[in-house]
There are 4 protein chains.
Amino acid sequence: MEQTAILLLHCPDKQGIITEITKFITDNKGNIVYLDQYVDKVDGMFFMRIEWELKEFLIPNDKISEYITTLYGQRYELHFNLYFNSVKPRMALFVSKMSHCLYDLLARYKAGELNIDIPCIVSNHEDLRYVAEQFGIPYYVWSIKKDWSNKAEVEAAEMELLRKERVTFIVLARYMQIISEEMIKSFPNRIINIHHSFLPAFIGAKPYHQAYERGVKIIGATSHYVTTELDAGPIIEQDVVRITHKDTPESLVLKGKDLEKIVLSRAVKKHVERKILTYKNKTIIFS
Amino acid sequence: MEQTAILLLHCPDKQGIITEITKFITDNKGNIVYLDQYVDKVDGMFFMRIEWELKEFLIPNDKISEYITTLYGQRYELHFNLYFNSVKPRMALFVSKMSHCLYDLLARYKAGELNIDIPCIVSNHEDLRYVAEQFGIPYYVWSIKKDWSNKAEVEAAEMELLRKERVTFIVLARYMQIISEEMIKSFPNRIINIHHSFLPAFIGAKPYHQAYERGVKIIGATSHYVTTELDAGPIIEQDVVRITHKDTPESLVLKGKDLEKIVLSRAVKKHVERKILTYKNKTIIFS
Amino acid sequence: MEQTAILLLHCPDKQGIITEITKFITDNKGNIVYLDQYVDKVDGMFFMRIEWELKEFLIPNDKISEYITTLYGQRYELHFNLYFNSVKPRMALFVSKMSHCLYDLLARYKAGELNIDIPCIVSNHEDLRYVAEQFGIPYYVWSIKKDWSNKAEVEAAEMELLRKERVTFIVLARYMQIISEEMIKSFPNRIINIHHSFLPAFIGAKPYHQAYERGVKIIGATSHYVTTELDAGPIIEQDVVRITHKDTPESLVLKGKDLEKIVLSRAVKKHVERKILTYKNKTIIFS
Amino acid sequence: MEQTAILLLHCPDKQGIITEITKFITDNKGNIVYLDQYVDKVDGMFFMRIEWELKEFLIPNDKISEYITTLYGQRYELHFNLYFNSVKPRMALFVSKMSHCLYDLLARYKAGELNIDIPCIVSNHEDLRYVAEQFGIPYYVWSIKKDWSNKAEVEAAEMELLRKERVTFIVLARYMQIISEEMIKSFPNRIINIHHSFLPAFIGAKPYHQAYERGVKIIGATSHYVTTELDAGPIIEQDVVRITHKDTPESLVLKGKDLEKIVLSRAVKKHVERKILTYKNKTIIFS
């Protein structure tokens, strides 16, 4: 695999920004292999994802950020992130009792669909240890008490693990616990959750039962970045499936599971490929 | 077209009900051409739609209801409605300024897709009179003042028209006014609305703008019977379309219009064909 | 779980069939828990699925078939199959090199979504042995030579295994080999295949490449029963996903894999629940 | 509405092309309001759509083409088309007996959704004259004999009309006749057809009957540019709807009509907005 750099940026929309950035890369002998941009006309903002091969690039990897900041940072009020495809994202999986999202992600990982490392799986229950063992991934259990009396302690231990394992993003694969504000702030736009409804419909607990009660004809699933407001973070991906009056809460759960795992996996894939930009609690998803 | 009777019924689920009803029809020389039933196991309720040809049926049309009530009413705690396909539903259309749902329904009507009469179109604006005139349907305008000071008066006039024209159901084809409780109660489960969101997400005004603000990846439309609680009546039909970050509120409106007209027309068709049963604020839709 | 009998039947449509069959079950103290029927008016055929609890049923399990044949067989020209929910279907999985459908089925099996036994996984390659081992299921490899010189021999060995393991149906989970006529005839409507296109578009090899070449805007997957004509058996389930000009053959393969596994699993579930009737190379799928 | 120029181009992919074109426009005081590009890596081709405001643009409208040809034509092996949003496309509608696509397009036209003129509607039957009259658009009928003995003559008359009315593109809104090679060549990638199946499945006549016979679980509709090979031109848009074994050929036709009109209208809209590039019998659809 050819080594590449990936630049995700946004700034106020000004003429010339594409020209300058592409010229900067080309002049320094970078071969551009991907360029996609988007202008939000409502807010007057410019967003771009650009990727180039590093083989003959004249600027060393550890200087690229500095150059971009110096040359364009102030002039264009630029916000950017720089990634290298040679640095694999390290994903921690948080699970509870249901295995469908976990299996789906691990099966893709094993089939080489996701360019990541998975150093650990974290849970508040022993139930899914056998899955972790099937795939040879360390499984950590910290039980959170119903009265949350040990929640701070548990999260401290989890944070310690995440640091030790140099985890770069977290996936809540039907982890049925609230994440504390502190952990969320340590992983801004780097905790991906799957909510089992078509948000913003049916926020909170038991969305399939809510959907059953309301008598909707379509149910959905939503993958989003976790923010401190419950189920209100930037939406990455959604999908739906048609239901009928014949569906029970139980059959909704089964149909929903198929949605959840596909929607979550699509979101994880986009995140890992550095194709998501977040702005004003919304996502720009590059193709 | 062969003349038929259509019986829509529900009752507590007891063994024997299908056997008895089908035997009643067959013994009296009715030829059953449609039968669909559904058991709600959560509530223990039985629902059925049965349709039979009347050509050789021994019981006269105006006595069928009486017979069913006498023979099965009390014994099965039966609720039922009886329709004849020879009696066309009479639909009043309520519109405001947007033509897409109106054109869609009138084009189907003209093409013979809907077995109905349309005696009148009602609006609070003159804007769509030209459409009514294109199709030769009387168009009535009553302007409702912003302070609603004449609302009671307008609704009284509308009710008078609906009575005079023997209207059996109302379709709000993007009629942007609240219907009064009195009118709703005069047409229970017989006012069909199209809401331009995937309910229960984005209840109330400007749902496309709400969807844009929230950054959803899919938008929807919902057709439902109108009840006194805003956008909370039994849902008949929903559909969705995928959107991206590139969509503006304006492009959402355009995409949504295509959903709205299809979803509303499907709901009207199901209603006209007597394929909808309403129970506990939900619909059973027979196929 | 309550023990039940499931009767799947079809016959020429005659008045009285529902009445008689439901009366037969009720009179013999069977409690009907499911009834769905369908009349094909084009062909004048009647189809029904009926399920009842056996606890107090007066006819012993091994006599039910005989009674139905005697009482209704000739009179109604009845074709029927009788199943008991206490008898688990035994599924053999045939795989090749791709793991996505295999993982998806095994994860569901492990989560208790499928009421089956899986006595064996068969392949022409060693590649997926590790998956079988993760789940503790025997894995058999028979390599078929490119010139098919050992094909008869391999199939004989496979048939021997299937007999020994009392396999009742076969799932081709992206098994890239042609099944011989003999094996197909031994498992009529009991071999389920997943074809990676929206049949009948793109029959045969490399459908995603065919789709790319044709420039379609939507791709699909199709699960069907295997018949002796390639990709032409009764379709059980299909689904689709939208693509764009930006998709390459490789990205189509990835998007398609998500479709394939969901579509195949839905088909297997319907088959296992005895909800599929096959007639004239088409399926009736009960809900 | 601000006046703009729209440039649709493709050429072999070379570094610098975006930079040069955007610089050319910006240097000449054009304000870029839209830019989207795409690189086909399989073929090594670059595609771009760029739109800019003309208010202060230094090059006169009738010279822009010449400048682009001179400056970039040979150097980049450029193929391009230049449009001005002030020049409305002139659409001829060809219809037969079914009104749904015709009504849908005319309703949008009337609602201001399509920035076009419609100088004429052409048919081989009188059936839809009333629709044309509702909208005040001239309606021309030329009956083609079953033995095609007058086909050349009819097409000559049609071509004469198209020339006289300066028609720039043709929409076959369920026009059930084969278009001659000569007419197709006069309107390359400017005749849009709606085929009532999910192409390439069910090419040719009576696709809904073919779909019914095959027992598919989803039907579709396809809008494409007409080429000399039947139903094989570049696909612009497709969509699908789920069906069941309960659907008859007649209900498929009804469900399909909803698809057809939406799919055709989406294609027409993209064409009118100059968002379609055709290359190698496929379309690039800009967003």
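Residues numbered from 1 in each chain as written. Chains lettered and ligands numbered in written order. Predicted model: local features only at pLDDT ≥ 70, side-chain atom pairs only at ≥ 80, totals over all residues. Heavy atoms only, no water.

## Side note on the packing of aromatic side chains
Residues and elements named next belong to chain C. Applying the stated criterion across every chain yields a total of 42 aromatic pairs over all chains. Look at Phe-47 and Tyr-279: their rings are 5.3 Å apart centre to centre, the planes differ by 70 degrees, and that puts the pair in the edge-to-face class. Separated by 232 residues along the polypeptide, Phe-47 in strand β3 (residues 45-53) and Tyr-279 in strand β12 (residues 276-279) bring together distant segments of the chain. Overall, the relative accessible area of 0% leaves Phe-47 in the buried class. By relative accessible area, Tyr-279 is classed as buried at 19%. (Phe/Tyr/Trp six-rings, centres within 6.5 Å; stacked < 30°, edge-to-face > 60°. Helix = DSSP H or I, 4+ residues; strand = E, 2+ residues; numbered from the N terminus. Buried < 20%, exposed > 50% of the residue type's maximum accessible area, 1.4 Å probe, protein only.)

## Brief notes about the relation of the copies chain B and chain A
Once turned by 180 degrees and shifted 0.0 Å along the axis, chain B lies on chain A with an RMSD of 0.0 Å. These values place the two chain copies in the arrangement generated by a two-fold rotation axis. Residue Ala201(B), judged by its C-alpha, is the member of chain B lying nearest the rotation axis, at 2.3 Å. Take the interface residues of chain B: 100% of them recur as interface residues in chain A, which is what a same-surface contact looks like. (Least-squares fit on C-alpha atoms with pLDDT ≥ 70 in both. Contact = heavy atoms within 4.5 Å.)

## Points about the packing of helix α3 (residues 100-110) of chain A against helix α8 (residues 249-272) of chain A
Residue and element names in this part refer to chain A. Close contact between α3 and α8 brings their axes to 9 Å; oriented N to C, the two are set at 40 degrees. It follows from the interaxial angle that α3 and α8 lie oblique. Considering the relative orientation of α3 and α8, their crossing is right-handed. Contact residues: α3 offers His-100, Cys-101, Asp-104, Leu-105 and Arg-108, while α8 offers Lys-257, Glu-260, Lys-261, Ile-262, Leu-264, Ser-265 and Val-268. Partitioning the contact of α3 with α8 into residue classes produces five nonpolar, two polar and five charged. (Axes fitted to C-alpha atoms, helices over the stretch in contact; angles between N-to-C directions. Parallel < 35°, antiparallel > 145°, perpendicular 65-115°, else oblique. Left-handed = near helix turned anticlockwise from the far one by under 90°. Nonpolar A, V, L, I, M, F, W, Y, C, P; charged D, E, K, R; others polar.)

## Description of the interface of chain D and chain C
Contacts between the two partners involve 33 residues from chain D, matched on the other side by 33 residues from chain C. Taken together, both faces of the contact between chain D and chain C bury some 3,000 Å²; the carbon and sulfur share is 55%. When the area that chain D buries against chain C is broken down by residue, the three leading residues are Arg214(D), Lys217(D) and His245(D), summing to 23%. Here Arg242(C) and Asp239(D) are joined by a salt bridge, their closest N and O atoms 3.4 Å apart. Mapped onto the side of chain D that touches chain C, the elements with two or more residues apiece are β2 (31-40), α7 (207-214), β11 (235-242) and β13 (282-285) of chain D. Residue contributions to the side of chain D that touches chain C peak at seven residues, all from β11(D). By residue class, the composition of the side of chain D that touches chain C is 16 nonpolar, six polar and 11 charged. (Buried area = accessible area lost by both parts, 1.4 Å probe. Salt bridge = Lys/Arg side-chain N within 4 Å of Asp/Glu carboxyl O.)

## Structural notes on the interface of chain B and chain A
With 33 residues of chain B in contact, the opposing surface of chain A contributes 33 residues. For the pair chain B and chain A, the summed buried surface comes to about 3,000 Å²; carbon and sulfur atoms form 55% of the total. Of all residues in chain B, Arg214(B), Lys217(B) and His245(B) give up the largest surface area on contact with chain A, accounting jointly for 23% of the area buried on that side. Inspection of the region where chain B meets chain A yields four salt bridges. In this structure, the connection of chain B to chain A is made through 22 residue pairs in polar contact (both at pLDDT 80 or more). Those elements that place two or more of their residues in the side of chain B that touches chain A are β2 (31-40), α7 (207-214), β11 (235-242) and β13 (282-285) of chain B. (Polar contact = N/O pair within 3.5 Å; in protein donor to acceptor, adjacent residues only side chain to side chain.)

## Observations regarding the packing of helix α1 (residues 17-27) of chain D against helix α2 (residues 61-73) of chain D
All names here are of chain D. For the pair α1 and α2, interaxial distance at closest approach is 12 Å and the crossing angle is 145 degrees. The crossing of α1 and α2 is right-handed. On the side of α1, the interface is formed by Glu-20, Ile-21 and Phe-24, while α2 contributes Tyr-67, Ile-68, Leu-71 and Tyr-72. A class-by-class count of the residues in the contact of α1 with α2 yields six nonpolar, no polar and one charged.

## Brief notes about the relation of the copies chain D and chain C
Taken as rigid bodies, chain D and chain C are interconverted by a rotation of 180 degrees and an axial shift of 0.0 Å, the fit giving an RMSD of 0.0 Å. In this assembly, 100% of the residues forming the interface of chain D have copies in chain C that are likewise at the interface, indicating an isologous arrangement.

## Some details on the domain arrangement of chain A
All names here are of chain A. Considered domain by domain, chain A is made up of domain 1 (4-84) and domain 2 (90-285). Computed from C-alpha coordinates alone, the two centres of domain 1 and domain 2 are separated by 31 Å. In this complex, domain 1 contributes 12 residues to the contact, which on the side of domain 2 involves eight residues. Carbon and sulfur atoms make up 69% of the surface buried where domain 1 meets domain 2, a total of about 910 Å² over both sides. Linking domain 1 with domain 2 are one salt bridge, by the criterion used here. Among the ionic pairs, Asp-43 bridges to Lys-280, the shortest N-O distance being 3.1 Å. Seen at the junction of domain 1 and domain 2, the total is three residue pairs in polar contact (both at pLDDT 80 or more). Of all elements in the fold, only β1 (4-12), β2 (31-40) and β3 (45-53) reach the threshold of two or more residues within the side of domain 1 that touches domain 2. Considering only residue class, the side of domain 1 that touches domain 2 consists of nine nonpolar, one polar and two charged. (Domains from an automatic or database assignment.)

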